[in-house]
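# Tertiary structure, described
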Amino acid sequence: MRILSVSNTPHDPSQGSGYVITGYVERLRERGHTVDAYGPADWAWGDIRRGRRYFFPVMIAIFAFWHCRPGDYDLVELWGGPTWLLALYLQWIHPEVPLVHHSNGIEQHRVVVQRQTTEDDLQLEHWFQWDLSQLYDWGLHAADAIVTVSTYDVPFLIEREYVPEELVYTIQNPLPDFFLGQTVQYDRPKRVGFCGNWSRIKNIRLLESDVPSFLRDHPNWMFSVVGVGDMDVRENFPKDVRSQIEVIPYLEREALLDWYRDLAIFTLPSIYESFGMVMTEAMACGAALVATRVGFASGLSHGDNAYLLSQKQSPHLHRALTALAADDGKRRQIARCGHECVQELRWDDAADRLEEFYEKLT
C-alpha cells in the first residue's frame, strides 16, 4: 500500500501520540508499505502557542495542497481533530481514496464528558478555547473509517453515525517492548503515583481535594508526581502534607520503569482519556491502578484488574486509596491481574491488525 499520513501532533517517540504514530509508521514500512508521514515540523508556520486549533487546520490543508498528491496514494490517514479541513478537501477532490481518521482523542466526546462531569470545567475564558465540535464533526463525517485507541470513544462515534458501525475499529495502544515480560515484585514502598500534565482534564481538583486527606490519615505514605514540568505542584496542597509529596518534572520513558516499580498504587482519575498510556505502563510495572472509567480503564473490571472510581468527584478517590492501603492482599491481587492483562499490548499484533484493516479498505 501507499499511505499518506498527516498528524496534528509532533512525531516524537517520547510523547504519547507521537510514540503511537511513529510506531505504526515504522512497522508499516517494515512490512513493505510506502508511508509518507507528516507532522507539525513539516506543515506548521512557526511556534504558535495560542489559537492553534484555529490556525492548524488551515496550515495542514495548505501544506497538503502544495506538497502532497493524495490521488497517488491507496489510503490517506489523518490524526487529530484539527485535520478536519483537510478531510473535507480530500472528500471533495479525491473521494475515490479511502480516508481514515485515526484517533488520538475525540475532541467532541471530551467536551460532552466534561460537560456531564461539571459545568464549571467548561468555563472558557479566552477566544482560543472556544468549542470547535461542529468543525470536528464535519471532519469525521468526511472520513470513510475511524480507528480508535480504546473502546471508550466507540459508543459516542456510533451514536453520532459518522461512519457505519462496522467501519469503527479499535486497536489498543501497544506498550514498548521493554515494559513487557517484566519480573514484578509486589512488595512495594507505600507510594501513590500520578504521571501527566497538571490540568483540569486530568481531574486535578479531585487530586487536590482527596490526596491531602489520605496523606493525613496515612503519614507513612508518599504521593509522587511526574511529568508536570516546571510547575510547583506542591503549592496546590496544604502545607501540612507537602513533606509527603514528591514532584519530578520529567523522566525519560525508560527511567519511568524504576519510578513505576516503586509505586504501590498508580492513580489517573481523569475526566476524559482516549487511552491513557501511563495506566498501562504502570500496570506493566506492577502498580495497582486506581482510575476513572475512561480510556483504557473503561474496559477493565473493578476489583479485578483495577480499582475503578464510581464517580469522578470527592471523596471517591480518598475511599479508593484508603481501601487499598488498608488491604495489602487486595492491592497485590489487583496489581497482579493488571500486570497480566496488559501483556497482550504488543506492537506486532497492533501493526498486523492495522495493516489488515487498511488492506480491506483499499
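Read on for an overview of the structure. Everything quoted here is computed from the prediction, not taken from an experiment.

### Notes on empty space enclosed by the protein
Inspection of the entire model under this criterion finds 1 cavity of 30 Å³ or more. Considering only enclosed or pocket space, the largest cavity measures out at about 100 Å³ in volume. If you trace the largest cavity, you find 16 residues lining it, with Thr83, His101, Tyr136, Gly139 and Leu140 closest to the centre. For the lining of the largest cavity, a count of residues per class yields 9 nonpolar, 6 polar and 1 charged.

### Focus: the packing of helix α4 (residues 84–93) against helix α6 (residues 133–142)
Interhelical geometry of α4 versus α6 gives an angle of 40° and a closest axis separation of 8 Å. Relative to α6, the element α4 lies oblique. Crossing angle aside, the handedness with which α4 passes α6 is left-handed. Across the interface between the two elements, Trp84, Ala87, Leu88 and Gln91 from α4 touch Leu135, Tyr136, Trp138, Gly139, His141 and Ala142 from α6.

### Concerning the sheet that holds strand β4 (residues 99–102)
Read across the sheet, 6 strands follow the order β2-β1-β3-β4-β5-β6 without closing on themselves; strand pairing throughout is parallel. Either end of the sheet is taken by a strand with one partner, and the two such strands are β2 (34–38) and β6 (168–170). When the angles between neighbouring strand axes are averaged without regard to direction, this sheet yields 20°. Taken together, the 3 bridges between β4 and strand β5 (residues 145–148) define a ladder with parallel strand orientation.

### A look at the pairing of strand β8 (residues 222–226)
Most of β8 is tucked away: 4 of the 5 residues are buried. Judged from the 5 bridges that link them, strand β7 (residues 191–195) and β8 form a sheet pairing that is parallel. Residue pairing in the sheet places Arg191 in a bridge with Met222 of β8. Handedness of the β-α-β unit built from β7, helix α8 (residues 204–217) and β8 comes out right-handed. In the sheet, β8 pairs with strand β9 (residues 245–248) via 4 bridges, with the strands oriented parallel. By the bridge assignment, Val225 is partnered in β9 with Val247.

### Some thoughts on the nonpolar core
Counting residues in hydrophobic clusters, the biggest one holds 85 residues, and the most contacted among them are Trp198, Phe223, Trp259, Tyr260, Phe266 and Tyr358. Once residues lying within four places of it in the same chain are set aside, the contact partners of Tyr358 are Met1, Ile3, Leu75, Glu77, Val100, His102 and Val147. In this structure, Leu4, Val76, Leu78 and Ala142 belong to the second largest nonpolar core, which totals 19 residues.

### Side note on the sheet that holds strand β11 (residues 288–291)
The 6 strands lie next to each other as β9-β8-β7-β10-β11-β12, forming an open sheet whose pairing is parallel. Two strands bound the open sheet, and with one partner strand each, they are β9 and β12 (307–308). Where β7 lies against strand β10 (residues 265–268), 2 bridges are found, and the strand directions are parallel. Opposite Gly193, over in β10, you have Phe266 as the bridge partner. In the packing of helix α9 (residues 253–261) onto the sheet, contacts are made with β7, β8, β9 and β10, and the angle to β7 comes to roughly 150°. Those strands touched by helix α10 (residues 277–284) are β7, β10 and β11, and its axis lies near 170° from that of β10.

Here is what the cut-offs are and how they apply
- Residues numbered from 1 in each chain as written.
- Predicted model: local features only at pLDDT ≥ 70, side-chain atom pairs only at ≥ 80, totals over all residues.
- Heavy atoms only, no water.
- 1 Å grid on protein atoms, 1.4 Å probe; cavity = no way out; pocket = protein on both sides within 12 Å on 5 of 7 lines; lining within 4 Å.
- Points joined across faces, edges and corners; volume = space filled by probe spheres on them.
- Nonpolar A, V, L, I, M, F, W, Y, C, P; charged D, E, K, R; others polar.
- Axes fitted to C-alpha atoms, helices over the stretch in contact; angles between N-to-C directions.
- Helix = DSSP H or I, 4+ residues; strand = E, 2+ residues; numbered from the N terminus.
- Parallel < 35°, antiparallel > 145°, perpendicular 65-115°, else oblique.
- Left-handed = near helix turned anticlockwise from the far one by under 90°.
- Contact = heavy atoms within 4.5 Å.
- Pairing = 2+ DSSP bridges.
- Buried < 20%, exposed > 50% of the residue type's maximum accessible area, 1.4 Å probe, protein only.
- Right-handed = clockwise from strand over helix to strand, strands pointing away.
- Core = buried A, V, L, I, M, F, W, Y, C linked by side-chain atoms within 4.5 Å.

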